[in-house]
Structures are given as structure tokens and as C-alpha cells.
Amino acid sequence: MKILETHIVPAIDENIRLQEYASTIFRSITTRNGIKKAIKRKEILLDGEIAQTSDWIKEHQKIDLLQSETKAKKIFQLKLAIIYEDEYLAVINKPAGYPTSGNYFKTIENALPFNLKVSTEFDTLSYPVPVHRLDNPTSGLLLIAKTRTMQTALHLAFEDRTIQKKYIALVHGSTSQNFKITDALDGKSSSTQFIKLKHLEIENLAYSLLEAHPDTGRTHQIRIHLSNNDFPIVGDKEYGMEETSKRFRGLYLASIGLKLQHPKTRAILDLNLDLPKKFRVP
């Protein structure tokens, strides 16, 4: 491991634990929970020794934050469309048919170093990493962290639900104009808001083109919410139905909107994709 940041404790007037104190001194980790995780990963040294969550801070102590050395990654040379990029984060348009990450070679994560510039920030990650995921058959906007600080900040933003996501979906059946589904998933609360954009009649069957806004981020949330309410997404082999029309190819779900406040610059990023070609059905 290499030393990422170093701090010398000045004169202090109170007894304070390392876990609480360290969240105020490092630029790349600014929360107690983040410090706790770093201690568990043995990434914090106190006077050269591996720190413990029970350690107390004393004047003149040296606190080092370490960065784990990462094994060389095998780069997947898949060209990606870059929607936004700066020194801290990026947003790419994920193509359908590739997992976001996982124990495979052909993942979007393994393709990121082939597409994104290396950050010049002090806490640049060894490789850029996605901070959320899109299912293998789902295409669209994917948010990427390029620095350790940004990775932490974006995870917190998702936890605080300050990042807004917009999806487009083509479903079987005729839905209401505007509706909300709040069915719990795996015992956890979940909520998705839907707006009907268009009613379609294809080969004498009814379909609805929907805009979906998930308020929570449960696994497969939009797909399960729609399927459980008798409006399965077209092409959803896991939660849907057998397609009778040969005109449909793949899953008709895409992430087309992403809105957030940039954790570093504080600028509002409001990124949107045009309606994907396959959704432009008559």
C-alpha cells in the first residue's frame, strides 16, 4: 500500500476516538462510516501501526491513510459513448448486452480505462468504477467515479436519494396516465413513479410507452414493479412473458436521464439521451 494522506495531530483539548477524529482531517474520506470501513480494511496507520476503531487520539500522533495497490486490470477494448467527463467523474452510455461489473472479462467496468482519461487528482482511483449498476440487458446512462473522494460522495448521494434517474420502458397492456407503485421488494420499501407517454396498438395488442422515475434503488425494481402489476416490460425474459411478435429484440428498458449536483463543483448536471431508436415504434 502507498500513503495517500498524512496528518499530525495538533494540541487537542478533548478525548476523541480515531474513528470520529479522522473523518475531519482527510480530504478523500469525510464520514465516520467511511473511516470505519477504511480501518477494517487496515488502510489507516496510527504512528506506523495498523489502527483500530477503539483507538484514542493523542497530541503529536501521526495518522496515515493508505491506498491499496491494485492488480493490473485486463482492459476490455469496447468503445463507449462518453456523455460527460471531468477530473472527478464521468457518465457513459452503456450498451445493452454487457454486465456493469462482475467476475467476467467483458464488463463495462473493464472497458472504462480504454475510454476515460486518467484523473490528475491526488486521490485518483487505480481504475474508474461505476457507482451504481444497470442490468446486462438494460442500456443507458451510467455514473462513474474517477477519484476516491468522488466515489464516496456519489455513494452518499445515492443513499440520500439526491440523484434523480429517468428510464423509458415499453410494456404490455394499457396503463393509467400517471401512477405510482410502492410494492415492497425483499421486505424493503420501494417506490417508482410512472408517466404514460404513448398508447400503442401493435399487431392487435395494446402497449404503453412509459417514463419511469424510481424513488428507491432496489435490484430490478422497475422490472418487478411493472411485472407484479400486470404490465411486464417487453423483452423481459426473467419477469415478463413470451413475446409473440418478432419485431421486438432485447429488453425495452433504458436509462435516459440523470440529474445530480456535482459533489465537487456544485454545478447541476442534467444529462439526457434521445429516445433510443428501438423505442420509436409507430
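Throughout what follows, the structure given in this document is the object of discussion. (Residues numbered from 1 in each chain as written. Predicted model: local features only at pLDDT ≥ 70, side-chain atom pairs only at ≥ 80, totals over all residues. Heavy atoms only, no water.)

### Some points on the overall build of the protein
In terms of regular secondary structure, the protein is built from five helices and 14 strands. Taking all 282 residues of the protein together, the buried fraction comes to 47%. Considering only residue pairs separated by 6 or more positions, the protein has 62% of its internal contacts joining residues 24 or more positions apart. Taken as two groups, the 40 positive and 33 negative side-chain charges of the protein have centres that lie 5 Å from each other. (Helix = DSSP H or I, 4+ residues; strand = E, 2+ residues; numbered from the N terminus. Buried < 20%, exposed > 50% of the residue type's maximum accessible area, 1.4 Å probe, protein only. Contact = heavy atoms within 4.5 Å. Lys, Arg positive; Asp, Glu negative; His and termini not counted. Charge placed at Lys NZ, Arg CZ, Asp CG, Glu CD.)

### A few points about the packing of aromatic side chains
Aromatic ring pairs are described here by two measures, namely the spacing of the ring centres and the angle between the planes. Taken as a whole and judged by the stated rule, the model has seven aromatic pairs. With 5.4 Å between their ring centres and 55 degrees between their planes, Tyr 207 and Phe 248 make a pair best called tilted. Here Tyr 207, found in strand β12 (residues 205–214), pairs with Phe 248, found in the loop between α5 (221–228) and β13 (253–261); they are 41 residues apart in sequence, far enough to count as distant. Its relative accessible area of 1% is what places Tyr 207 among the buried residues. You can call Phe 248 buried: its relative accessible area is 7%. (Phe/Tyr/Trp six-rings, centres within 6.5 Å; stacked < 30°, edge-to-face > 60°.)

### Regarding the sheet that holds strand β3 (residues 49–50)
The four strands lie next to each other as β1-β4-β2-β3, forming an open sheet whose pairing is antiparallel. Edge positions in the sheet fall to β1 (2–8) and β3, since each has one partner strand and no second. Alignment of strand β2 (residues 44–46) against β3, held across two bridges, turns out to be antiparallel. Among the inter-strand pairings, Leu 46 is bridged to a residue of β3, identified as Glu 49. (Pairing = 2+ DSSP bridges.)

### Here we look at the pattern of salt bridges
Between side chains of opposite charge, a pair can form when the charged atoms approach closely. This model, assessed by the stated rule, comprises ten salt bridges. Two residues, Arg 32 and Glu 20, come together in a salt bridge whose shortest N-O distance is 3.3 Å. You can see Arg 32 sitting in helix α2 (residues 32–40) and its partner Glu 20 sitting in helix α1 (residues 18–22), a full twelve residues away along the chain. With a shortest N-O distance of 2.8 Å, Glu 85 and Lys 146 are connected by a salt bridge. Taken as a pair, Glu 85 in strand β5 (residues 81–85) and Lys 146 in strand β8 (residues 139–147) lie far apart in primary sequence, 61 residues in all. Since its relative accessible area comes to 25%, Glu 85 is described here as partly exposed. Judged by relative accessible area, Lys 146 falls into the buried class, the value being 5%. Connected via shared salt-bridge partners are Arg 133, Asp 135, Arg 223, Asp 236 and Glu 238. (Salt bridge = Lys/Arg side-chain N within 4 Å of Asp/Glu carboxyl O.)

### Some points on the side chain of Gln 221
Relative to the helices and strands, Gln 221 is located in helix α5. Among the residues examined, Gln 221 registers a relative accessible area of 4% and is labelled buried. For Gln 221, the side chain forms a polar contact with the main-chain oxygen of Ser 191, separated by 2.9 Å. Among residues more than four places away in sequence, those in contact with Gln 221 are Leu 185, Ser 190, Ser 191, Thr 192, Pro 214, Asp 215 and Thr 216. (Polar contact = N/O pair within 3.5 Å; in protein donor to acceptor, adjacent residues only side chain to side chain.)

### Observations regarding the nonpolar core
Judged by nonpolar contacts, the single largest core of 57 residues is most densely connected at Leu 143, Leu 154, Leu 170, Leu 226 and Ile 233. Not counting residues within four places of it along the chain, the set of residues in contact with Leu 154 comprises Leu 89, Val 131, Leu 143, Ile 144, Ala 145, Ile 163, Leu 260 and Pro 263. Formed by 18 residues, the second largest nonpolar core is a distinct cluster that contains Ile 16, Ile 25, Phe 26 and Leu 46. (Core = buried A, V, L, I, M, F, W, Y, C linked by side-chain atoms within 4.5 Å.)

### Here's the deal with the side chain of Asp 86
Topologically, Asp 86 is positioned in the loop between β5 and β6 (89–94). We note that Asp 86 is buried and unpaired, the nearest opposite charge coming from Lys 146 at a distance of 6.0 Å. At a separation of 2.7 Å, a polar atom in the side chain of Asp 86 contacts the side chain of His 262. Not counting residues within four places of it along the chain, the set of residues in contact with Asp 86 comprises Lys 146 and His 262.

### A closer look at the layout of surface pockets
Space inside the largest pocket adds up to approximately 830 Å³. Contributions of two or more residues to the lining of the largest pocket are made by α4 (148–159), β9 (164–172), β12, α5, β13 and β14 (268–272). Residues belonging to the lining of the largest pocket are distributed by class as follows: nine nonpolar, twelve polar and eleven charged. Counted as a void, the second largest pocket has a volume near 590 Å³. (1 Å grid on protein atoms, 1.4 Å probe; cavity = no way out; pocket = protein on both sides within 12 Å on 5 of 7 lines; lining within 4 Å. Points joined across faces, edges and corners; volume = space filled by probe spheres on them. Nonpolar A, V, L, I, M, F, W, Y, C, P; charged D, E, K, R; others polar.)

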